[in-house]
Amino acid sequence: MDESTYDAWRQATVREYADEKVAAGAWLAAEAAERSEAEFRTLLPDGRMTEDHQLRSMIDESGERVGHAWYVAEDRPVGRVIFVYDIAVSPEHRRKGHAQAALRAIEDDARAMGYIGVQLHVFGGNTGARELYRKAGYAETDVMMLKRVDG
């Protein structure tokens, strides 16, 4: 991912993450933008040059940028994994196998490095992504639920 692509991706992703946290009931709207920005500063202190973090553009067979992936090797309670922080395909390029191909490439990297697997988080309301991950062989390992009673 080049610098201009990174800058656009980061700006959009910080905003989207804040919106998703609010929609999930995890953050208040008034604080979401600031909290999202703080998390990104912590996770990517050196931007796209942050050590060990992979920020990749997905490129199709014609050379067009169709999406992106952000992942890093991490020690998690289950063992050493590649943790996918973000993976997305542009709306006009969805349902063409790009996300599946990216996940397979990430899984191949994890396998080659001797890690136990690939882990990621998905918001409960993102049914399309949840279905994609299930089809790719991912199992839900932790589910948090909320029933709103305030209106």
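What you are looking at is a predicted structure, and each value in this text was computed from that prediction instead of being measured.

**Remarks on the sheet that holds strand E2 (residues 65–76)**
At step 1: With respect to topology, four strands assemble into an open sheet ordered E1-E2-E3-E4, the strand pairing being mixed. Two strands lie at the open edges of the sheet, namely strand E1 (54–59) and strand E4 (117–120), each paired on one side alone. In this sheet, adjacent strand axes meet at a mean angle of 35° when their direction is disregarded.
At step 2: Relative to E2, E1 runs antiparallel, the two sharing six bridges. Across the sheet, Ser57 pairs through a bridge with His68, a residue of E2.

**Looking at the nonpolar core**
At step 1: Membership of the largest hydrophobic core comes to 19 residues, with the highest contact counts inside it found for Ile82, Val84, Ile87, Ile106, Val118 and Tyr133.
At step 2: Listing elements by their share of this core, those giving two or more residues are E2, strand E3 (79–89), helix H3 (98–112), E4 and helix H4 (127–135).
At step 3: Here this core gets five residues from one element, more than from any other, and that element is H3.
At step 4: In this structure Ile87 touches Met58, His68, Ala69, Ala99, Ala102, Leu103 and Tyr133, once residues within four positions along its chain are discounted.
At step 5: Core analysis: the second largest hydrophobic core is formed by eight residues, Met1, Trp9, Val14 and Phe40 among them.

**Here's the deal with the pattern of salt bridges**
At step 1: Going through the model one piece at a time under the given rule, you end up with eleven salt bridges.
At step 2: Two residues, Arg35 and Glu31, come together in a salt bridge whose shortest N-O distance is 2.8 Å. One end of the pair is Arg35 and the other is Glu31, both in helix H2 (residues 29–43) and four residues apart, which spans about a single turn.
At step 3: Take Glu31: its relative accessible area is 29%, and that puts it in the partly exposed class.
At step 4: Here the residues in one salt-bridge network are Arg130, Glu131, Arg134 and Glu140, joined through shared partners.

**Structural notes on the pairing of E4**
Two faces belong to every sheet, and in a regular strand the side chains alternate between them.
At step 1: On E4, burial follows the alternation: Val118 and Leu120 on one face are buried, whereas Gly117 and Gln119 on the facing-out side are not.
At step 2: With four bridges joining them, E3 and E4 adopt parallel strand pairing. By the bridge assignment, Val81 is partnered in E4 with Gly117.
At step 3: Following the chain from E3 across H3 to the adjacent parallel E4, one finds a crossover that is right-handed.

**Some words on the confidence of the model for the protein chain**
At step 1: When pLDDT is averaged along the protein chain, the result is 94; 100% of the residues meet or exceed 70.
At step 2: Per-element confidence in the protein chain is highest for H2, whose mean pLDDT is 98, and lowest for H4, whose mean pLDDT is 94.

**What about helix H1 (residues 3–23)?**
At step 1: Here H1 contains 21 residues, and its C-alpha end-to-end distance of 30 Å stays within 8% of the 30 Å for a straight helix at 1.5 Å per residue.
At step 2: Among the structural elements, H2, E1, E2 and E3 are those in contact with the buried residues of H1.
At step 3: Directly beyond the C-terminal end of H1, a positive phi value near 80° is found at Gly25.

Scoring rules and cut-offs
Here the residue numbers are simple positions, counted from 1 along each chain's written sequence. Side-chain atom pairs in this predicted model are given and counted only at pLDDT of 80 or more, local residue features only at pLDDT of at least 70, and totals for whole chains, interfaces and linings cover all residues. The basis for every side-chain value is the complete set of non-hydrogen atoms in the structure, without hydrogens or water. Should DSSP find at least two bridges between two strands, the strands are taken to pair. Labels follow the DSSP assignment, with helices taken as runs of H or I lasting at least four residues and strands as runs of E lasting at least two, numbered in each case from the N terminus. Axis angles are defined between N-to-C directions and span 0 to 180 degrees, where every axis is a line fitted to C-alpha atoms and, for a helix, only to the segment in contact. Residues belong to a common nonpolar core when they are buried Ala, Val, Leu, Ile, Met, Phe, Trp, Tyr or Cys residues joined through side-chain atoms within 4.5 Å. Note on exposure labels: buried denotes an accessible area under 20% of the residue type's maximum, exposed denotes more than 50%, and partly exposed covers the range between, all computed with a 1.4 Å probe on protein chains only. The contact criterion used is simple: two residues touch if any of their non-hydrogen atoms lie within 4.5 Å. Salt bridges are defined by distance alone: a side-chain nitrogen of Lys or Arg within 4 Å of a carboxyl oxygen of Asp or Glu. A crossover gets the label right-handed when its path from the first strand over the helix to the second runs clockwise, viewed with the strands pointing away from the viewer. Across the chain, each position has a pLDDT score giving the predictor's confidence in that residue, from 0 to 100. In this scheme, a helix's expected span is set at 1.5 Å multiplied by one less than its residue total.

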